[in-house]
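Fold and geometry: a report
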Amino acid sequence: MSTKVAVVTGANKGIGFAIVRGLCKRFNGTVYLTSRDEERGKIAVETLKNEGLNPSYHQLDITNKKSVESFRDYIKTKYEGIDILINNAAIAFKQNATEPVAVQAEQTLYVNFFSLTSTCEILFPIVKNGGRVINVSSSAGHLSRIPSENLRNKLKDPKLTLPELTALMQKYVDDAKQGIQAEEWGNSSYAVSKVGVTALTKVQQRMLSDRDIKVNAVHPGYVDTDMTSHKGVLTIDEGASAPLFLALDAPDSVRGQYVWNDCKIVSWDE
């Protein structure tokens, strides 16, 4: 019987770290903690091993195509594929960040949307039929965060394609560079990136439905992490609970959904 494999990106700290911890406790297979920084990743693995858990490690930088391809080839050589893929890696500028909006827009969308998309395109062929993909979104990923009704209608179009969604996200970056983004897109690059992640989830579900792969987006809650400047009220383990629910416990009927941190499905476009 082949070994089951779970992979978590951006997992050396915060919610990703806690997801790996939860998987190690409950998943009957090999759990890969991955991170851009190899040294920090290996320290995280040692921390979990000191807790009596046994994660595996591999370097994975979602912004580097060669890194993702190297990881894919490693998994293909060693296993039959990936059973659970949790796309957690992301960035967020602080509220008091001094970088211009154009820079924040370009860098945030590059990591949170475009790199996520390219990582999925590389790894999806080795996700096993019947597998599960969880894209970590946010409460900021709700469609209501986009002021323009025209844009909202495009983003929630049930026939939206990946090239069309990619073009919309690029339009936001281009608008931000011209300083004309606020009226239609709002003032948060992070929100736009996570709306893009939630929309991407629905597009990906349509693309993968014939392989019985379940793709869902999740808002993990307002968690005490570096990303929230430790203002969040939930522990990282509490933040991991909804991603773990989707990975391990959700019925197979849950697919293409936007799930809140209480593990309940939320209407994305109302």
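In short, a report on the structure. In this text, all values refer to a predicted model and were calculated from it rather than measured experimentally.

**A short note on the overall build of the protein**
Looking only at helices and strands, one finds 10 helices and seven strands in the protein. A principal-axis box enclosing the C-alpha atoms of the protein has dimensions of 55 × 40 × 35 Å. Counting all 270 residues of the protein, 51% fall into the buried class. Long-range contacts, defined as pairs at least 24 residues apart, comprise 72% of the intrachain contacts of the protein with a sequence gap of at least 6. A total of about 12400 Å² of accessible surface is found on the protein, and carbon and sulfur atoms cover 47% of it. In the protein, which carries 32 positive and 31 negative side-chain charges, the distance between the mean positions of the two groups comes to 3 Å.

**Regarding helix α6 (residues 162-178)**
An ideal rise of 1.5 Å per residue puts 24 Å on 17 residues; α6 measures up with 25 Å between its terminal C-alpha atoms. When α6 is considered as a whole, its buried residues turn out to be Leu162, Leu165, Leu168, Met169, Tyr172, Val173, Asp175 and Ala176. The arc enclosing the buried residues of α6, seen along the axis, measures out at 165°, which places them on a common side. Among the exposed residues of α6, those oriented more than 90 degrees off its buried face are Pro163 and Gln178.

**Points about the packing of aromatic side chains**
For the structure shown, the criterion picks out six aromatic pairs. Summarising the aromatic geometry, the rings of Tyr32 and Tyr74 are spaced 5.9 Å apart at their centres and angled 80° between planes, so their arrangement reads as edge-to-face. Of this pair, Tyr32 sits in strand β2 (residues 30-35) while Tyr74 is found in helix α3 (residues 65-78), placing the two residues 42 residues apart along the sequence. Tyr32 sits in the buried class, given a relative accessible area of 1%. A residue is classified by how much of its surface remains accessible, and Tyr74, at 27% relative accessible area, is partly exposed. Taking the centre distance of 6.0 Å and the plane angle of 80° together, the rings of Tyr32 and Tyr79 count as edge-to-face. Highlighted residues: Tyr32 in strand β2 and Tyr79 in the loop between α3 and β4 (82-87), separated in sequence by 47 residues. An aromatic cluster is defined as three or more aromatic residues linked by ring pairs; in this entry it consists of Tyr32, Phe71, Tyr74 and Tyr79.

**So, the pattern of salt bridges**
Overall, the coordinates contain 13 salt bridges when judged by the stated rule. Here Arg255 makes a salt bridge to Asp212, at a shortest N to O gap of 3.0 Å. Of this pair, Arg255 sits in the loop between α10 (241-249) and β7 (258-259) while Asp212 sits in the loop between α8 (189-208) and β6 (214-218), placing them 43 residues apart in sequence. Judged by relative accessible area, which is 35%, Asp212 ranks as partly exposed. Connected through salt bridges with shared partners, the residues Arg132, Asp212, Lys214, Asp252 and Arg255 form a single ionic network.

Reading guide: rules and limits
Residues numbered from 1 in each chain as written. Predicted model: local features only at pLDDT ≥ 70, side-chain atom pairs only at ≥ 80, totals over all residues. Heavy atoms only, no water. Helix = DSSP H or I, 4+ residues; strand = E, 2+ residues; numbered from the N terminus. Buried < 20%, exposed > 50% of the residue type's maximum accessible area, 1.4 Å probe, protein only. Contact = heavy atoms within 4.5 Å. Areas by Shrake-Rupley, 256 points an atom, 1.4 Å probe, with all protein chains shown as cover. Lys, Arg positive; Asp, Glu negative; His and termini not counted. Charge placed at Lys NZ, Arg CZ, Asp CG, Glu CD. Expected span 1.5 Å × (residues − 1). Arc of directions from axis to C-beta. Phe/Tyr/Trp six-rings, centres within 6.5 Å; stacked < 30°, edge-to-face > 60°. Salt bridge = Lys/Arg side-chain N within 4 Å of Asp/Glu carboxyl O.

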